[in-house]
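Spelled out from the first residue to the last, the chains are:
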Amino acid sequence: MALKILSTKNGTFAVEGEINAATASQFKSHFETNLNMLNVLTVDIDKITEVDATGMRALRSLYKKAFLENKSFSIVGNGCKDIYDDFRASNIA
């Protein structure tokens, strides 16, 4: 399934589809560009159907970039607790 990223409002983006080996690079590139322009970025993953290991690496990388640049990066929606738990286990959160 293709990855669809929709800007909703003030730095909030709704993402639909899968964040996996086929789409993680596009996902990461899109949000790195937006992190360069915005101080606050929120990713709504409510309509994400899969996040594989490559997708998790992309999310961790974005979180780390935001942290190092003192920017706000939030993940909301169904499954965000699983991602938070992974970040915590990886000592990122």
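Residues numbered from 1 in each chain as written. Predicted model: local features only at pLDDT ≥ 70, side-chain atom pairs only at ≥ 80, totals over all residues. Heavy atoms only, no water.

**Quick word on the packing of aromatic side chains**
Per the counting criterion, the structure on display carries 3 aromatic pairs. Where Phe13 meets Phe31, the ring centres are 5.3 Å apart and the plane angle is 85 degrees; that geometry is what we call edge-to-face. In this pair, Phe13 is assigned in strand β2 (residues 12-19) and Phe31 in helix α1 (residues 24-37), connecting sequence segments 18 residues apart. By relative accessible area, Phe13 is classed as buried at 6%. Judged by its relative accessible area of 0%, Phe31 falls in the buried class. Within the aromatic cluster, the residues linked to one another by ring pairs are Phe13, Phe27 and Phe31. (Phe/Tyr/Trp six-rings, centres within 6.5 Å; stacked < 30°, edge-to-face > 60°. Helix = DSSP H or I, 4+ residues; strand = E, 2+ residues; numbered from the N terminus. Buried < 20%, exposed > 50% of the residue type's maximum accessible area, 1.4 Å probe, protein only.)

**Notes on the sheet that holds strand β4 (residues 72-76)**
Taken in spatial order, the 4 strands make up an open sheet running β1-β2-β3-β4, and their pairing is mixed. Edge positions in the open sheet fall to β1 (4-9) and β4, since each of these has one partner strand only. This sheet shows a mean twist of 25 degrees between the axes of neighbouring strands, independent of strand direction. The pairing of β1 with β2 spans 5 bridges and is antiparallel. Among the inter-strand pairings, Leu6 is bridged to a residue of β2, identified as Ala14. Across the sheet, α1 lies against β1, β2 and β3 (40-51), angled at about 165 degrees from β2, the strand it touches most. The strands touched by helix α2 (residues 53-68) within the sheet are β2, β3 and β4, with β4 carrying the most contacts at an inclination of about 145 degrees. (Pairing = 2+ DSSP bridges. Axes fitted to C-alpha atoms, helices over the stretch in contact; angles between N-to-C directions. Contact = heavy atoms within 4.5 Å.)

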